[in-house]
Amino acid sequence: MLYSMEQYKKDFIDFMVSCGVLKFGNFTLKSGRKSPFFMNAGAYVTGLQLSKLGEYYAVAIHNTFGDDFDVLFGPAYKGIPLSVATVIAYSKLYGKEIRYCSNRKEIKDHGDKGILLGSSIKNGDRIVVIEDVTTSGKSIAETFPIIQSQGSVRIIGLMVSLDRMERGTSTKCALDEITDLYGFPAHAIVSMKDVVERLYTPGGNGLITDKIKSIIDSYYLQYGVR
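Just so you know, these numbers come straight off a predicted model, no measurement behind them.

Trainee: Would you explain the packing of aromatic side chains in this entry?
Mentor: Within a pair of aromatic rings, the relevant descriptors are the distance that separates the centres and the angle that separates the planes. For the structure shown, the criterion picks out 14 aromatic pairs. Relative to Y182, the ring of F144 lies with its centre 4.7 Å away and its plane at 45°, an arrangement referred to as tilted. Here Y182 lies in helix α5 (residues 174-182) and F144 lies in helix α4 (residues 138-148), a separation of 38 residues in the sequence. On the numbers, 5.0 Å between centres and 55° between planes, the contact of Y219 with Y223 is tilted. Residue Y219 and its partner Y223 are located together in helix α7 (residues 210-223), separated by four residues, close to a single helical turn. For the residue pair Y219 and Y223, the accessibility class agrees, reading buried in each case. Members of the aromatic cluster, each reached through a chain of ring pairs, are F12, F15, Y44 and Y56.

Right, dumping it as structure tokens:
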């Protein structure tokens, strides 16, 4: 059976490329790995880009988790604009008011005190966490106890832009590790399989050339999930 992709996923890949968010070359990740590709959500900088980004996330969250949640939590710092843009898009596309919440890196001791930014989290809240990408799950390890400390709440799941499809700290990919450790599903708008399928044409001169495809294949032989 041929692998097919929803149109919005194809459009999202093209969108990441056009915004300079998804790049190919030689990059050193926080983990120390030398990667032939890199995704940087910090490159979304204009109103139109953030508006469209929020819509892509909203569609992915709606299709994956439905509407039965109350808060969209975006870990500091990149998760802050992601969560804001997405709750605006959710209201526009689906007519539901979702509250946004983020954490501060440092607890504020004056004015609007505390570790949270945006909405408070209260007992009974159902929460979806939103991030750009996860390789090691470090951000969730920091975020999970913050959310849980707010009361009797339920994390519905995690949505990221890109599933890098590589091992985290074990033989499983980082998204599967998160599910195993914390008990909620972790999904991505697109995977690197989707990206390669969209951008690579054998013998062509597109963004993913034969040479880059060979380097990506070698990278996954070393770090990919087996």
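The discussion continues.
Trainee: Would you mind going over the packing of helix α1 (residues 7-18) against helix α6 (residues 192-199) with me for this structure?
Mentor: Packed helices, taken two at a time, are described by the angle their axes make and the gap between the axes. For the pair α1 and α6, interaxial distance at closest approach is 10 Å and the crossing angle is 80°. Of the possible angle classes, the one that applies to α1 and α6 is roughly perpendicular. Here α1 contributes K9, K10, I13, D14 and V17 to the contact with α6, which in turn contributes D194, V195, R198 and L199. Looking at side-chain class alone, the contact of α1 with α6 contains four nonpolar, no polar and five charged residues.

Cut-offs and rules
- Residues numbered from 1 in each chain as written.
- Predicted model: local features only at pLDDT ≥ 70, side-chain atom pairs only at ≥ 80, totals over all residues.
- Heavy atoms only, no water.
- Phe/Tyr/Trp six-rings, centres within 6.5 Å; stacked < 30°, edge-to-face > 60°.
- Helix = DSSP H or I, 4+ residues; strand = E, 2+ residues; numbered from the N terminus.
- Buried < 20%, exposed > 50% of the residue type's maximum accessible area, 1.4 Å probe, protein only.
- Axes fitted to C-alpha atoms, helices over the stretch in contact; angles between N-to-C directions.
- Parallel < 35°, antiparallel > 145°, perpendicular 65-115°, else oblique.
- Contact = heavy atoms within 4.5 Å.
- Nonpolar A, V, L, I, M, F, W, Y, C, P; charged D, E, K, R; others polar.

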